[in-house]
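Chain and residue survey
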Amino acid sequence: MKLATWNVNSVNARLPRVLEFLETHGPDVVCLQETKCEEAAFPHEALAAAGYRAVDHSTGRWAGVAILARADGAPAAEARGLPGSPVPEEGRWIEATVGGVRVASVYVINGRALDDPMYGAKLAFLDAMARRAAELAGSPLVVCGDFNIAPADIDVYDPAAFAGATHVSEPERERLRAILATGLVDGFRRVAPDTVQHTWWDYRAGHFHKGMGLRIDLVLASEGLAGRLRSCGIDRDFRKGPKPSDHAPVLAEFEPA
DNA sequence: ATGACGTCTTGTAGACGA
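The rules behind each value
Residues numbered from 1 in each chain as written. Chains lettered and ligands numbered in written order. Predicted model: local features only at pLDDT ≥ 70, side-chain atom pairs only at ≥ 80, totals over all residues. Heavy atoms only, no water. Core = buried A, V, L, I, M, F, W, Y, C linked by side-chain atoms within 4.5 Å. Buried < 20%, exposed > 50% of the residue type's maximum accessible area, 1.4 Å probe, protein only. Pairing = 2+ DSSP bridges. Helix = DSSP H or I, 4+ residues; strand = E, 2+ residues; numbered from the N terminus. Axes fitted to C-alpha atoms, helices over the stretch in contact; angles between N-to-C directions. Near = heavy atom within 4 Å. Polar contact = N/O pair within 3.5 Å; in protein donor to acceptor, adjacent residues only side chain to side chain. Nonpolar A, V, L, I, M, F, W, Y, C, P; charged D, E, K, R; others polar. Disulfide = S-S within 2.5 Å. Contact = heavy atoms within 4.5 Å. Arc of directions from axis to C-beta. Phe/Tyr/Trp six-rings, centres within 6.5 Å; stacked < 30°, edge-to-face > 60°.

Brief notes about the nonpolar core
In summary, soluble globular proteins display a tendency toward joint burial of nonpolar side chains. Judged by nonpolar contacts, the single largest core of 32 residues is most densely connected at Leu3, Ile67, Val103, Val142, Val219 and Phe254. Counting residues in each nonpolar core, the second largest holds 27 residues, with Ala121, Phe125, Leu126 and Leu136 among its members.

Now the structure itself:
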């Protein structure tokens, strides 16, 4: 099974690149984040023409998540919304079963700043994720998406520049570890323990071309699945070219059971 | 560098992103 996760920063603004991505990689499952559209505006028809079915949790101009799968393995939506989320009105969590695997696409709250109320909401959201992951533990599970956390300093282009900022704070990292402790593995780190590579770069000031990014988009896989990881990588090419998202997609390929 | 860019909105400037 080939799985991908990608924060597209508007699925409609990014539609040509999304279709290019499906054509290039032919993934079996794709988790999208920041679809930024109303439910009625989700581009089901264009995706169907490309051979994919989608389930989405679309909530208008902010956030929004979706899971795509090939039409012959159409995703069955299992849950829209994360139980215990501090912002239930925002589309930040969706689950589907694809090929016997429970897949969750998540867009974690940004947090804005350590002294902003949204930072507390981010920590509460991560706590709710850990509880949900614990509930789902024991069966094949992949939780992937934009975690808005760089797991370690190796995942930050300049840790000093992020001192006192969100995405790297100890309470966030601690909560990510609690999510992992339910039995999940950071796929990219499992495959590439020492590799410095990023998934997000600020649009401004040529950060992408200067290599100034963060690794905040993760594929977490349950132990059994992680043991079958054939590869897990970041496709920087989709951060290049016309109208790119500010995130690059992460791809993971699992050997058949 | 307090910015830079890109997305959205019953919009045309402000909010938000990370």
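Observations regarding the sheet that holds strand E7 (residues 101-107)
The mixed open sheet is built from 6 strands, whose spatial order is E5-E6-E7-E8-E12-E9. Each edge of the open sheet is held by one strand with a lone partner, namely strand E5 (76-80) and strand E9 (184-186). Averaged over all adjacent pairs, the angle separating strand axes in this sheet is 20°, with direction ignored.

Overview of the protein's contact with DNA strand B
Near DNA strand B, the surroundings consist of 23 residues, among which Ser10, Glu34, Arg61, Asn110 and His167 are the closest. The share of sugar and phosphate among atoms of DNA strand B within 4 Å of the protein is 65%. Side-chain polar atom of Ser10 to a phosphate oxygen of DNA strand B: 2.7 Å apart, as the coordinates give it. Here a phosphate oxygen of DNA strand B sits 2.9 Å away from a polar atom, N or O, in the side chain of Tyr107. The residue inventory of the surface near DNA strand B, partitioned by class, reads 8 nonpolar, 7 polar and 8 charged.

Here we look at the state of the cysteines
A covalent bond bridging the sulfur atoms of two cysteines is what the word disulfide describes. All told, the structure shown has 0 disulfides when counted by the stated rule. Cys144 takes part in no disulfide bond, and the closest cysteine sulfur to it belongs to Cys31, at a distance of 3.3 Å. The buried category is assigned to Cys144, whose relative accessible area is 0%. Free cysteine Cys232: the closest other cysteine sulfur is in Cys144, separated by 9.7 Å. With a relative accessible area of 8%, Cys232 lands in the buried category.

Re the sheet that holds strand E4 (residues 65-70)
What the 6 strands build is an open sheet, ordered E3-E4-E2-E1-E14-E13; its pairing is mixed. Edge positions in the sheet fall to strand E3 (52-57) and strand E13 (229-234), since each of these pairs with one other strand and no more. Neighbour-to-neighbour, the strand axes of the sheet open up by a mean angle of 15°, direction not taken into account. Looking at chain direction, E13 and strand E14 (residues 250-254) are connected through 5 bridges and run antiparallel. Paired with Gly233 across the bridge in E14 is Leu251. Those strands touched by helix H1 (residues 15-25) are strand E1 (2-7), strand E2 (29-33), E3, E4 and E14, and its axis lies near 160° from that of E1.

Overview of helix H4 (residues 170-180)
When we look at burial in H4, the residues that qualify are Glu172, Arg173, Leu176 and Ile179. For H4, the arc enclosing every buried residue in end-on projection is 110°, short of the 170-degree limit, so these residues lie on one face. Looking at the packing, one finds that the buried side of H4 touches helix H3 (117-136), E9 and strand E12 (217-222).

Comments concerning unusual backbone geometry
For Asn9, which is not glycine, the phi dihedral falls at a positive 50°. By secondary structure assignment, the location of Asn9 is in the loop between E1 and H1. Here Asn9 falls in the buried class, since its relative accessible area comes to 14%. At Glu34, a position not held by glycine, the phi torsion is positive, near 55°. Structurally, Glu34 is set in the loop between E2 and helix H2 (44-49).

Section: the packing of aromatic side chains
A complete count under the given rule lists 5 aromatic pairs for this structure. Taking 5.7 Å as the distance between ring centres and 85° as the angle between the ring planes, the aromatic pair formed by Tyr157 and Phe162 counts as edge-to-face. Using a relative accessible area of 28% as the deciding quantity, one classes Tyr157 as partly exposed. Three or more aromatic residues link up through ring pairs in this structure, and these residues are Trp6, Phe21 and Phe238.

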